[in-house]
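Okay, here's what each chain looks like letter by letter:
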Amino acid sequence: MKPIIEVENLSKKYRLGEIQPYYSLRDDIANLFRNPFSKNNELEKQEFWALKDVSFKVDQGEVLGVIGPNGAGKSTLLKVLSRITPPSSGKAILRGRVASLLEVGTGFNPELTGRENIYLNGAILGMTRREIRKKFNEIVDFSGVEQFLDTPVKRYSSGMYVRLAFAVAAHLESEILLIDEVLSVGDAEFQKKCLGKMESITKKQGRTIVFISHNINSVKSLCYKVILLENGIIIKIGNPKEVTDYYLFGVNKASKVLLSDRKDRRGNGKIKLINIKLSNDENKIEQFVSGKTCYVDVEIENKENILKNDIEVAIAINKIDGTRLLYMGTKIFNMKITLKPLSNVKLRCIIPDLPLEPDNYYISAEIMEAGSLEDYINDAVLVAVKNGDYYGTGKIWPFSGILSKYTWQIS
Ligand SMILES: Nc1ncnc2c1ncn2[C@@H]1O[C@H](COP(=O)(O)OP(=O)(O)O)[C@@H](O)[C@H]1O
Ligand SMILES: [Mg+2]
């Protein structure tokens, strides 16, 4: 049997101008001086490849996982597979009907109600009204949004939206299901329910899933095969453990990815996070050591020619699956941080006795000014925590998450 998905030398080129329509005069002159002899320079600068020569195959009934850092091209790949955007070259053959759950905003018509969108999606898949009606109750039950069925989906919270969108994609008849990270919007319980559903979709119904996720554990448990994408290129493809390990351990370099390249920020951007560096007292590597003093150095920049004197900075440490473990903010200590016009300031968060077991974690960071969000980067850097003999016994019991000092007595 032929593979249900065949992707051959797929490439997708974007023009930077599409997202960055404005170049300052100074930029243009600077470019001119940097490479005054290259005529193509300007054109090359404006184009970039979100996917480059991507090839893979998926057999029917398999779950393919796609992982990789932000901006790797994962969402672009699913958009090309679902025909939302055409490839620049190469081809993608999908031998079956496709249901997709992509970034919020696709798949559903915001003006239509939940009920109407269920019928619309069914119709797109070529199902008759009768066939859709048969699945309708299951969809509504799974999504838990029955009270809002006759409300236009533009009024839904993102959580409700994703619940309904997943239920529709999972229950309507399609041979191939494409799922982007959107699931992380839902609460933990719903995520678990979705993962269970995805498993039964493939095992019981033989449907095929392509699944993007940051949740390494669910990728490992659900997928048959995993692709690691970076800068639009397949870095590694193979069995889930091998590829996710490679990602986690190879990804230490993610802590050196320039924050300035991150586009997935929230906030006004008048004050920006420009650098986050990790260190510890034990070794010179940018990592943490369990039970030892660890440092997070944060540099922020005032982009405006105005004095800012009510600044808060906070960082959070999360598990790879997104579970928040620690939150550390300057507000707790009523710290007064000021930023002169167009200047930078460096802050250091010192964590004595790091209470985390050896594993990989993400650090998210945020800046507020006078109560409004200026800059927020989720999973800004990845940090590896090395074993540091937290209890002083040479032993550690894994899977406890947070560590705490304790003793036992016989009383
Ligand atoms: N419509 C677009 N126009 C220009 N660039 C885009 C567009 N969509 C995505 N990109 C860029 O392509 C790269 C890959 O994006 P994306 O596929 O969303 O990555 P991922 O989902 O892995 O985070 C990013 O650098 C992103 O900024
Ligand atoms: Mg994405």
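If you check an unreviewed UniProt entry, the protein appears there as ABC transporter domain-containing protein from Candidatus Woesebacteria bacterium GW2011_GWB1_38_8.

A.B. asks: Describe the overall build of the protein, listing the residues and the values that go with them.
C.D. replies: Helix and strand content of the protein: 10 helices and 19 strands. A buried classification covers 46% of the 411 residues belonging to the protein. Taking contacts inside the protein between residues at least 6 apart in sequence as the whole, the part at least 24 apart equals 72%. When the accessible surface of the protein is split by element, carbon and sulfur atoms take 52% of a total near 22,000 Å².

A.B. asks: Which residues make up the sheet that holds strand β3 (residues 63-67), and what values do they have?
C.D. replies: The strands that make up a sheet pair up through hydrogen bonds in the backbone, lying either parallel or antiparallel. What the six strands build is an open sheet, ordered β5-β6-β7-β3-β8-β9; its pairing is mixed. The open sheet is flanked by β5 (98-101) and β9 (233-238), the only strands paired with a single partner. Strand-to-strand twist in this sheet, taken as the mean axis angle between neighbours without regard to direction, amounts to 15°. Bridge count between strand β6 (residues 176-179) and strand β7 (residues 208-212): four bridges; the pairing is parallel. Residue L177 lies in a different strand from β7, and its bridge partner there is I209. Helix α8 (residues 188-203) rests against β3, β6 and β7 of the sheet, and its axis sits at about 150° to β7.

A.B. asks: I'd like to hear about the pairing of β6, residue by residue, with values.
C.D. replies: Because side chains alternate across β6, one face comprises the buried residues I176 and L178, and the other comprises L177 and I179, equally buried. Relative to β6, β5 runs parallel, the two sharing four bridges. Paired with L101 across the two strands is I179, which belongs to β6.

A.B. asks: Please provide a residue-by-residue account of the packing of aromatic side chains, values included.
C.D. replies: Counting across every chain of the model gives eight aromatic pairs. With a centroid separation of 6.5 Å and an interplanar angle of 70°, the aromatic rings of F148 and Y156 are classed as edge-to-face. Judged by its relative accessible area of 8%, Y156 falls in the buried class. Ring geometry for Y390 against Y391: centres 4.9 Å apart, planes inclined by 75°, an arrangement best described as edge-to-face. Overall, the relative accessible area of 7% leaves Y390 in the buried class. The class for Y391 is partly exposed, based on a relative accessible area of 26%. Grouped by ring-pair contacts, the aromatic residues F142, F166 and F190 constitute a single cluster.

A.B. asks: Before we move on, can you summarise the site of ligand 1 with the specific residues and values?
C.D. replies: Near ligand 1 you find 14 residues, and of these G71, G73, K74, S75 and T76 are the closest. Contact distances for ligand 1 include 3.1 Å between an oxygen atom and a backbone N or O atom of A72. At 2.8 Å from an oxygen atom of ligand 1 is found a side-chain nitrogen or oxygen belonging to S75. Protein chains shield 79% of the accessible area of ligand 1, which is 560 Å² for the free molecule. Breaking the shell around ligand 1 down by element, the ones donating at least two residues are α1 (16-19), β2 (47-58) and α4 (74-81). A total of three residues in the shell around ligand 1 trace back to one element, the largest contributor, which is α4.

A.B. asks: Account for a nonpolar patch on the surface, with residues named and values stated.
C.D. replies: Nonpolar side chains collect at one region of the surface, where I233, I235 and Y246 lie side by side and expose about 250 Å² of accessible area between them. Mapped onto the elements, Y246 comes out in helix α10 (residues 240-250). Overall, the relative accessible area of 40% leaves Y246 in the partly exposed class.

A.B. asks: Would you mind going over the side chain of S11 in detail, with residue names and values included?
C.D. replies: Turning to its location among the elements, S11 is positioned in strand β1 (residues 5-15). There is a polar contact of 2.9 Å between the side chain of S11 and the backbone nitrogen of D53. Once you skip the residues sitting within four places of it in the chain, S11 turns out to touch W49, L51, K52, D53, P87, S88 and S89.

A.B. asks: Lay out the sheet that holds β2 in plain terms, naming residues and giving numbers.
C.D. replies: Spatially, β2-β1-β4 is the arrangement adopted by the three strands of the open sheet, whose pairing is antiparallel. Two strands lie at the open edges of the sheet, namely β2 and β4 (89-94), each paired on one side alone. The average undirected angle you get between the axes of adjacent strands in this sheet is 25°. As judged from the five bridges shared by β1 and β4, these two strands associate in the antiparallel manner. By the bridge assignment, S11 is partnered in β4 with S89. Contacts from α4 reach β1, β2 and β4 within the one sheet, and its direction differs from that of β2 by about 65°.

A.B. asks: An account of a positive patch on the surface is needed here, citing residue identities and associated values.
C.D. replies: A surface patch of positive charge is lined by R129, R130, R133 and K134. Tracing the backbone shows R130 in helix α6 (residues 129-143). Of the residues examined, R130 reaches a relative accessible area of 64% and is grouped as exposed.

A.B. asks: Can you break down the pattern of salt bridges residue by residue, with the values?
C.D. replies: Pairs can form between side chains of opposite charge whenever their charged atoms are close. Inspection of the entire model under this criterion finds 14 salt bridges. Across the pair E6 and R95 runs a salt bridge, and its minimum N-O distance is 2.7 Å. Here E6, found in strand β1, pairs with R95, found in the loop between β4 and β5; they are 89 residues apart in sequence, far enough to count as distant. Classification of R95 as partly exposed rests on a relative accessible area of 32%. D297 is paired through a salt bridge with R348; the nearest N and O atoms lie 2.8 Å apart. Linking D297 in strand β13 (residues 294-302) with R348 in strand β17 (residues 344-351), this pair joins segments that are 51 residues apart in sequence.

The rules we used
- Residues numbered from 1 in each chain as written.
- Chains lettered and ligands numbered in written order.
- Predicted model: local features only at pLDDT ≥ 70, side-chain atom pairs only at ≥ 80, totals over all residues.
- Heavy atoms only, no water.
- Helix = DSSP H or I, 4+ residues; strand = E, 2+ residues; numbered from the N terminus.
- Buried < 20%, exposed > 50% of the residue type's maximum accessible area, 1.4 Å probe, protein only.
- Contact = heavy atoms within 4.5 Å.
- Areas by Shrake-Rupley, 256 points an atom, 1.4 Å probe, with all protein chains shown as cover.
- Pairing = 2+ DSSP bridges.
- Axes fitted to C-alpha atoms, helices over the stretch in contact; angles between N-to-C directions.
- Phe/Tyr/Trp six-rings, centres within 6.5 Å; stacked < 30°, edge-to-face > 60°.
- Near = heavy atom within 4 Å.
- Polar contact = N/O pair within 3.5 Å; in protein donor to acceptor, adjacent residues only side chain to side chain.
- Patch = residues over 30% accessible without salt bridge, like charges linked within 9 Å, V, L, I, M, F, W, Y side chains within 5 Å.
- Salt bridge = Lys/Arg side-chain N within 4 Å of Asp/Glu carboxyl O.
- Lys, Arg positive; Asp, Glu negative; His and termini not counted.
- Charge placed at Lys NZ, Arg CZ, Asp CG, Glu CD.

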